[in-house]
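Each chain is listed here by its residues.
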Amino acid sequence: MQGNTRRTGVMTDVHRRFLQLLMTHGVLEECDVKRLQKHCYKVHDCNATVEKLEDFINTINSVLESLYIEIKKGVTEDDGRPIYALVNLATTSVSKMASDFAENELDLFRKALELIIDSDTGFASSTNILNLVDQLKGKKMRKKEAEHVLQKFVQNKWLIEKEGEFTLHGRAILEMDQYIRETYPDAVKVCNICRSLLIQGQSCETCGIRMHLPCVAKYFQSSSEPHCPHCNDYWPHEVPEVFDPEKERETGMSRSNKRPSRSRQH
Amino acid sequence: MADENGSLREAGAGGKTRAQAVVTIPSSAYFLKQVEEEEEVEALKVEVAAASDTESDTSSDDLSCGKADIDPSLLERVDEEKCRSIRKQYRQLIYTVQQNRDDIVNTASDSLTEALEEANVLFDAVSRTREAALDSQFLVLASDLGKEKAKHLNSDMNFFNQVAFCDFLFIFVGLNWMEDDERDPLNNCDDNIALSFWETVQKEATSCISQAETFHFLFGSFKPESAARKPRRNHRRKVQKMEENGVMPTKLRKLDLSGNQEATEKEVERILGLLQTYFRKYPDTPVSYFEFVIDPNSFSRTVENIFYVSFIIRDGFARIRLDQDRLPILEPININLAGEGNDPSFHSRKQGVISLSLQDWKNIVAAFEISEAMITNSY
């Protein structure tokens, strides 16, 4: 992700505190990350010059590199908010043991992931996921328990639930990117604009290319008549608005109760 | 008293005659104790006499195992004063402990230990059974109190004394509860002190709570075999399976309504036939909506008609609009025109019913002077 021009920075307590806090949250939106950075400077070193967020994170990443951990930046698939997540990059014997979840819980997640990847919409209904509970590895799990486990994954920001259907959280996409590409090479979808992994988005009805909603928003931002970037056919879906942090701040208060309804085009 | 002495002597003699001296000593001690209790208020003289008597007996008992050559009477005289003071001290000790019983049990003081230590010092000077009996009497009392204290000990950690906790908390942060006349130091002091209070508490509390969150991740926690998963299932088959799942509810919905739907459809078609007959008869005059739907003889029939006509309008066989008097009328849609761009499916398919109360219906029947239903009953 990062260029190889990155020099190894020096971590101060500011960076360490920031990292610890990010560890606690797992994933944060950009505005929160900025606030966190400010907070860390305030706690440890008021006089230090505040690094640019990008450099600040690069400094941490340069140290984390040897541990195969990285702070990755991504964008939420539905409304395009920038997010930062601390992700693990390597599978080692240690990482296999250090999981928060039991074997059958992980298997449930894997199965849900499979359904999500295989689905056209990027969503898997809870009914379909729960129907797979009998095939889980490890300890037997009841449907009721499986529901709790799914909720746990939602709480820990690995899954998002919308109207009884599950999709991957931005955090999971950032972390599982490599895994998904390797494990489902023929089912994986890629955005035609940014070329990164796509779980939910819009697709051209003629040629079938897919685009992230935020990418669609940016790409068609100025065009009144959207056409598919691949086959130039008419783009039949509603073009969402571009994410605007300024506007977001104004509407931030009322956001929770008027979330845009999920677009189910594909 | 004489009797007692006699009995004591008997006991002592009995003890001597028996082989085991061990048995006799407790028994004589028992008598001693009894004597002690009874003579508590008796004259000193009698006590001395009794004491010397019993003493000579018991000491001879004690010494019966080889030390008989020491003159017992000599020993007695020396110790008598001292023994009395020991007994007095013991009684004093027992008395004070009993008086302070509640305090000793309920507070966390060391007073019981102190009393025991005092008794220990006293016991160093004890040489006779009589004083020793007092010592054991005190010991019984002390162990009683000990047991009670143990009962009071809070063994389940759920118990929480708020007042005590507050006291400790204030002492901990350096605020003295007692210094303040009012019982609320936090409210009296200024914000700075309150702030420093919470800071101190926070500093202490954080050290007790391990806050460092560990790194949570999913990638890499999967079993290796899951990564090398079986060849992907046929996608199409999967889609099919999903569709099968999806078919179920559709089927159900149809099944649910089919009976109803058919009856409605039939009725709608019949009414459409009536309407079209009317339109054919008078191709240029639209029909009043109310005159068409209202059955002057039946309110419920009217409501049904309104419902059926809504389908006719939805399906584009007729149009509803307001005439110059702003009354709703039904108009035919030219079938020929419908072919060319006036495709009914192109219209926004809207369907609506109006609300109609029983009174409305009566009013309309009166106002329009409807005497006969246009939609005749089919049965």
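Our subject is the structure listed above.
Note that the structure is predicted; figures quoted are calculated from it, not measured. (Residues numbered from 1 in each chain as written. Chains lettered and ligands numbered in written order. Predicted model: local features only at pLDDT ≥ 70, side-chain atom pairs only at ≥ 80, totals over all residues. Heavy atoms only, no water.)

Caption draft 1: Just the nonpolar core, in detail. Within the largest apolar cluster, 36 residues are counted, with the highest numbers of intra-cluster contacts made by A:L108, A:L168, A:I180 and B:L218. Every element with two or more residues in this core is listed here: helix 5 (103-118), helix 6 (126-130), helix 7 (143-155), strand 6 (165-168) and helix 8 (170-183) of chain A. No other element matches the eight residues that helix 5 of chain A contributes to this core. Apart from the residues within four sequence positions on either side, A:L168 is in contact with A:F109, A:L113, A:I116, A:W158, A:L159, A:I160, A:I173, A:I180 and A:I199. In this structure, B:V287, B:I294, B:I312 and B:W361 belong to the second largest nonpolar core, which totals 24 residues. (Core = buried A, V, L, I, M, F, W, Y, C linked by side-chain atoms within 4.5 Å. Buried < 20%, exposed > 50% of the residue type's maximum accessible area, 1.4 Å probe, protein only. Helix = DSSP H or I, 4+ residues; strand = E, 2+ residues; numbered from the N terminus. Contact = heavy atoms within 4.5 Å.)

Caption draft 2: Broad picture of the pattern of salt bridges. Within this structure, the stated rule accounts for 26 salt bridges over all chains. Between A:R210 and A:D120 there is a salt bridge, with its nearest N and O atoms 3.6 Å apart. With A:R210 in strand 10 (residues 210-211) and A:D120 in the loop between helix 5 and strand 4 (124-125), this residue pair connects regions lying 90 residues apart in the sequence. Among the residues examined, A:D120 registers a relative accessible area of 42% and is labelled partly exposed. A salt bridge links B:E131 to B:R87, with the shortest nitrogen-to-oxygen separation between them at 2.7 Å. Pair noted here: B:E131 is in helix 7 (residues 129-152) and B:R87 is in helix 4 (residues 72-99), with a separation of 44 residues, a long-range link. B:R87 shares its class with B:E131; the two are buried. By sharing partners, the salt bridges in this structure join A:D107, A:R110, A:K111 and A:E114 into a single network. (Salt bridge = Lys/Arg side-chain N within 4 Å of Asp/Glu carboxyl O.)

Caption draft 3: Layout of the packing of aromatic side chains. Per the stated rule, a full pass over the model turns up 17 aromatic pairs over all chains. Between A:Y41 and A:F56, the ring centres sit 5.8 Å apart and the planes meet at 50°, which makes this aromatic pair tilted. On the criterion of sequence distance, the pair formed by A:Y41 in helix 2 (residues 30-44) and A:F56 in helix 3 (residues 53-64) is long-range, its members being 15 residues apart. Given a relative accessible area of 6%, A:Y41 falls into the buried group. Where B:F299 meets B:W361, the ring centres are 5.7 Å apart and the plane angle is 65°; that geometry is what we call edge-to-face. Separated by 62 residues along the polypeptide, B:F299 in helix 14 (residues 299-314) and B:W361 in helix 16 (residues 358-367) bring together distant segments of the chain. (Phe/Tyr/Trp six-rings, centres within 6.5 Å; stacked < 30°, edge-to-face > 60°.)

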